[in-house]
Each structure stands twice: as C-alpha cells, then as structure tokens.
Amino acid sequence: MKPLSAYIDHTNLKQNATAHDIKTLCEEAAAHGFKTVAINSYWTRHAAAWLAGTNVGITTCIGFPLGASSSAAKAFEAHQAVLDGTSEIDMVINVGELVAGNYDACTADIKAVVDAADGVPVKVILECCLLDDEHIVAGCECALRAGAAFVKTSTGFSSAGATVHDVALMRKTVGSRCKVKAAGGIHTRDEALAMIEAGADRIGASASIAICA
C-alpha cells in the first residue's frame, strides 16, 4: 500500500478562508506529501503559484457545494480552473435532477464539465447523505456515461459525510471503470483506512495531518 498521505486531497473549502489560509494549506500539502489541495476556484491560480516546483496537485471544486448552478456556469468555471492551473476538478452533481430520476439531465450536466475540463480528471460528488442506494447507483452510472474519472461521496457541507456503506456501494457499481473518492467527516487514521478498505482510491479531508500522524 502506498503511504496514506498519497491518498489525501488536503482540503480547505471554507467560505472565509483567506490567502494566508490557502497558502498554509499548500505548504502543509508539500511538507506532508499529500496528493492535492482541494480548494474553491477563486484560489486556483494562487495555489498554482504557491505549489510550483512541488509534486502536489490542485483539486478545484466547482458548482460547490449545492450543484444547482447551470451546466453552462459549471462548464465555464471548469474551463477557467484549467486555465488557472488546476490538475483535477471536483464537481457537484445536480442532486435535484438525480433524486427526480432525470438521469439524462444529470449525465449531460456532468458531460458539460468533462468536455470543458479538456482532459483534466473530473470527480463527481453525489452527496450520498441525500440519496438512497438506488440513486447512488444511478448517479455513478451517470458519471460513467459522461466520462468522469471519479465518483465522490460528499461535499462535507450537507447533513452527513462519507460512510463505508456508500463507498462500498459505489465501488461495486463502478468496478474498475472509474475511481472512488471518500470525503466528509473523515477525521482519523482508522476512518481513512476503513474507507480505503471499502474501495476508496482517494480521501478528501481537512484533518489530513492528524490522519497521517
């Protein structure tokens, strides 16, 4: 198994995060060998400068945290993030359309972002705490049809975060066709390892340093 730090997207998505906070996040990621920093799109170009010369990537979160922006807005935000230097994109699925069973609309929404990302890997956040198992499976299938690189459990901004059950269900659904990211409410090493054991390829966390201690 690779080092636990290499699984982690070191995260600060707080709306009141300052430049100092994001620069510190980048410095911590470089020092600890985290996979990426996960940030809101405003900070992408700044993080690209602060992380230059390191092996740490940037995960830009778009349509965040509700996923209810228009597809055109999400696509524009993704395109701008690529121009600003992001290496990955985390987008929130249109949860309302998913719950309503409008799967073609969900797929088209994701594909708009995948196309705008122009080869940069896209992770699709399902917000599993708002879904039943049927909708989690359907959301995974929408992401696969649209060409996403990952499906992801949660934003961390809703009523609950990742669960082992949800990660295992997503892994079972996507198989080897794409990867799985667990995020939201992961605070300890044991919790992170349980998610990896259930099938997660990536962990999103703000408690990354404590997890790897």
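What you see is a predicted model, and the numbers here were worked out from it, not measured in a lab. (Residues numbered from 1 in each chain as written. Predicted model: local features only at pLDDT ≥ 70, side-chain atom pairs only at ≥ 80, totals over all residues. Heavy atoms only, no water.)

Colleague: Any details on the pattern of salt bridges? Residues and values, ideally.
Modeller: Scanning the entire structure with this criterion turns up 12 salt bridges. Lys181 serves as the salt-bridge partner of Asp9, at 2.8 Å between the closest nitrogen and oxygen. Pair noted here: Asp9 is in strand 1 (residues 8-11) and Lys181 is in strand 7 (residues 179-183), with a separation of 172 residues, a long-range link. You can call Asp9 buried: its relative accessible area is 0%. Residue Asp90 is joined to Lys123 by a salt bridge in which the shortest nitrogen-to-oxygen separation is 2.9 Å. With Asp90 in strand 4 (residues 88-92) and Lys123 in strand 5 (residues 122-125), the pair connects residues that are 33 residues apart, well separated along the chain. Since its relative accessible area comes to 0%, Asp90 is described here as buried. Taken together, the shared-partner salt bridges in this structure form one network comprising Asp9, Glu88, Asp90, Lys123, Lys152, Lys181 and Arg202. (Salt bridge = Lys/Arg side-chain N within 4 Å of Asp/Glu carboxyl O. Helix = DSSP H or I, 4+ residues; strand = E, 2+ residues; numbered from the N terminus. Buried < 20%, exposed > 50% of the residue type's maximum accessible area, 1.4 Å probe, protein only.)

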